[in-house]
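A closer look at the structure
If you want the building blocks of each chain, they are given just below.
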Amino acid sequence: MRLRGVRGSRNIEDLRRTGGGGRAGIGGVGLLVVLAIGYFAGIDVTPLLQQATQPAPASRELSAEEERAAEFTSRVLATTETVWSDIFPAQVGRPYEPPVLVLYSGVTASPCGNASGATGPFYCPADEKAYLDTAFFATLSRQLGARGDFAAAYVIAHEVAHHVQNELGILGQVNERRQVVGETQANALTVRLELQADCLSGVWARSVDGLLEPGDLEEALNAARMIGDDHLQERAGRVPQPHTFTHGTSEQRSRWFATGFQSGDIRSCDTFRAQRL
């Protein structure tokens, strides 16, 4: 992916020099907000409260690899800001408000709960921030077999796509529905949500086509395949159990990404009305 000359985003919050956790104390009002989020969203906020009462860790220097990962992430994030800021007025009829992307190392806390680099990137609708341990790029390449810079860019675009869903009101509606159905139905809704994010990532990829190099598109499609539920369960030595899927199969993930790339239209990503996933 040709990112030389692409500006970096200002919507980066880098916590890696302090261990990634962000252990600033929570004031009285902030404490009430956190407790309310935990109560109404059914989220365990204990790790966040425990972390907030601990002293801030000593700062550390970032390695050259970490610095490069941050620069790469910042530039990819900037492309998502440009793309969605253009698409929203044209296809949605209103402006786009970009998310903040939090870089952390090892572990972090968010209003959506505690996380570690092992859990992978995630988006928290409670604070409208995406969270990424840049060490995940190495995991993606070396352990999951999804190599290449555009595979890493796809991961960033996918988390931003969850923010797009939040901006469109889809994420909130699905989360409300998941609270009142059984586990199998909730998983099925989550699959549709994730496949839609894959499709929206494809819409982004089409809009940055001028930055793509030969092989980039295949890197993204391969990444989508490598993190399919069926593939990951097989790698773990298990027989795939569709009722436990939360992201979709390898074939579904790559196909929905391709759907978004081919159309460049948000409307093509309506996985909730699709008869075939």
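In what follows, the structure referred to is the one given above.
Please read all numbers here as calculations on a predicted model, not as lab measurements.

1. Quick look at the state of the cysteines
The full count for this structure, using the stated rule, is two disulfides. Between the sulfur atoms of C112 and its disulfide mate C124 the distance is 2.1 Å. What sets the handedness of the C112 and C124 disulfide is the S-S torsion sign, and at about 85° it is right-handed. With a gap of 12 residues between them, C112 in the loop between strand 3 (107–110) and strand 4 (113–116) and C124 in strand 5 (residues 122–124) connect regions that are remote in the sequence. The buried category is assigned to C124, whose relative accessible area is 0%. One disulfide in the model links C199 with C269; its S-S distance is 2.1 Å. Between C199 and C269 the disulfide shows an S-S torsion of about -75°. By sign, it is left-handed. Taken as a pair, C199 in helix 7 (residues 183–207) and C269 in the segment after helix 10 (250–263) lie far apart in primary sequence, 70 residues in all.

2. Some points on the pattern of salt bridges
For the structure on display, the rule yields 12 salt bridges. Connected via shared salt-bridge partners are E251, R255 and R276.

3. Remarks on the pairing of strand 2 (residues 100–104)
Burial runs high along strand 2: four of the five residues are buried. Pairing of strand 1 (residues 12–14) with strand 2 involves three bridges; the strand directions are parallel. The residue of strand 2 that forms the bridge with D14 is L103. As judged from the five bridges shared by strand 2 and strand 6 (residues 129–133), these two strands associate in the parallel manner. Looking at strand 6, one finds that Y104 is bridged to D133.

So, how was this worked out
- Residues numbered from 1 in each chain as written.
- Predicted model: local features only at pLDDT ≥ 70, side-chain atom pairs only at ≥ 80, totals over all residues.
- Heavy atoms only, no water.
- Disulfide = S-S within 2.5 Å.
- Helix = DSSP H or I, 4+ residues; strand = E, 2+ residues; numbered from the N terminus.
- Buried < 20%, exposed > 50% of the residue type's maximum accessible area, 1.4 Å probe, protein only.
- Salt bridge = Lys/Arg side-chain N within 4 Å of Asp/Glu carboxyl O.
- Pairing = 2+ DSSP bridges.

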